[in-house]
Amino acid sequence: MPHDLGQVLLVGAGPGPADLMTVRAMRAVQGAQALLYDALIQPEVLDLAPAACLRIQTGKRAGRTSMAQDTINRLMLRLARRGLKVVRLKGGDPSIFGRVGEESAFLKSHGVPVEIVPGVTTACAAAAQFDFPLTHRGLARRVVFATATLTAGRLVADWDGAADPETTLAIYMGGAAAEQIRARLIAAGRAPATPVAVIENVGSLDARFVTGALEGLPALAATTGGGPVMIVVGDVTALAPGAFRQAPADIVHALRA
């Protein structure tokens, strides 16, 4: 006798530690019958799932071998058709570079109920962990989230709007493209002395935070050890304790105003 159709929850696990998950995300994992999780999900989060839960690692880490998106889609569909409660667990927030739109549209087109559970995205987690804001009166009035995608060695993005000195640019998966990011932003008009931060392994106890100026971004990125990297470009990074302190005069003036 066939099972009733199950459901799929597209869940944001946050930046890593289980205590930075939302209560709804935690409950979703605790009630999962099948768990499809990305490569960066930490063991303490996976341990929340029931012992009988089917666990499948899908990969999905930039620059690494991973399960094809179409395979993931069809796997979720097959499990839901078995009547299971399927949790698709993603790092950060599923709506920010998490392909949640593609997965949701595919499942709904096959009649599968879908619920999206938000999570803390990496940029917000990095700012909280290292004590700097993403926006700040007089320094940053908007935030742009972007990814650093390289095609044939060239940066594929249009960040002209990020040349605005009052824009904080949060670049996901940007470590390998540091040289191209520097060149593109300076060519677009961003000052070479703009403060930047390079954060590796956001959310974890071994997270690393280094700061400097945009003109030195490639050297900063070269200090990382192979973990996932977030690059934040903007004057707000100079507000972090212990950050690069040779701030442009206009930043110093704004802080004293």
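Rules and cut-offs
Residues numbered from 1 in each chain as written. Predicted model: local features only at pLDDT ≥ 70, side-chain atom pairs only at ≥ 80, totals over all residues. Heavy atoms only, no water. Core = buried A, V, L, I, M, F, W, Y, C linked by side-chain atoms within 4.5 Å. Buried < 20%, exposed > 50% of the residue type's maximum accessible area, 1.4 Å probe, protein only. Helix = DSSP H or I, 4+ residues; strand = E, 2+ residues; numbered from the N terminus. Contact = heavy atoms within 4.5 Å. Salt bridge = Lys/Arg side-chain N within 4 Å of Asp/Glu carboxyl O. pLDDT = per-residue confidence, 0-100. Polar contact = N/O pair within 3.5 Å; in protein donor to acceptor, adjacent residues only side chain to side chain. Arc of directions from axis to C-beta.

Across soluble globular proteins, nonpolar side chains show a tendency to be buried alongside one another. Membership of the largest hydrophobic core comes to 20 residues, with the highest contact counts inside it found for Ala-123, Phe-130, Phe-132, Ile-199, Val-202, Phe-209 and Met-230. Going through the elements one at a time, α5 (122-129), β9 (167-172), β10 (195-200) and β12 (229-233) are the ones with two or more residues in this core. Sort the elements by how many residues they give to this core and α5 lands first, with four residues. Residues contacting Met-230, with those up to four places away along its chain left out, are Thr-122, Ala-123, Ala-170, Ile-171, Tyr-172, Ala-197, Val-198, Ile-199 and Val-202.

The tally for this structure, following the rule as stated, stands at nine salt bridges. In this structure, Glu-179 engages Arg-182 in a salt bridge whose closest nitrogen and oxygen atoms are separated by 2.6 Å. Within this pair, Glu-179 and its partner Arg-182 are both found in helix α6 (residues 178-188), separated by three residues, close to a single helical turn. Judged by relative accessible area, Arg-182 falls into the partly exposed class, the value being 23%. Across the pair Glu-200 and Arg-208 runs a salt bridge whose closest N-O atoms are separated by 3.4 Å. When its relative accessible area of 34% is taken as the criterion, Arg-208 is described as partly exposed. The structure contains a network of salt bridges with shared partners spanning Asp-38, Arg-88, Lys-90 and Glu-103.

Here the focus is the confidence of the model for the protein. Of the residues in the protein, 87% have a pLDDT of 70 or more, and the chain-wide mean is 89. Confidence over residues 245-257 falls short of pLDDT 50; this stretch has 14 contacts with residues more than four positions distant or in other chains.

To continue, consider the side chain of Thr-168. Counting through the fold element by element, Thr-168 comes out in strand β9. Side-chain polar atoms of Thr-168 contact the backbone oxygen of Leu-134, separated by 2.7 Å. Excluding anything up to four places from it in sequence, Thr-168 contacts Leu-134, Ala-140, Arg-142, Val-143, Val-144, Val-232, Val-233 and Val-236.

Residues separated by three or four positions in an α-helix point in the same direction, a consequence of the helix having 3.6 residues per turn. Residues of helix α1 (residues 23-30) that are buried: Ala-25, Ala-28 and Val-29. Take α1 and look down its axis: the buried residues cluster within an arc of 95°, on one side only. Residues of α1 that are exposed and point more than 90 degrees away from the buried face comprise Val-23, Arg-24 and Arg-27. In this fold, the buried residues of α1 make contact with β1 (7-12), α2 (43-46), β4 (85-90) and β5 (114-117).

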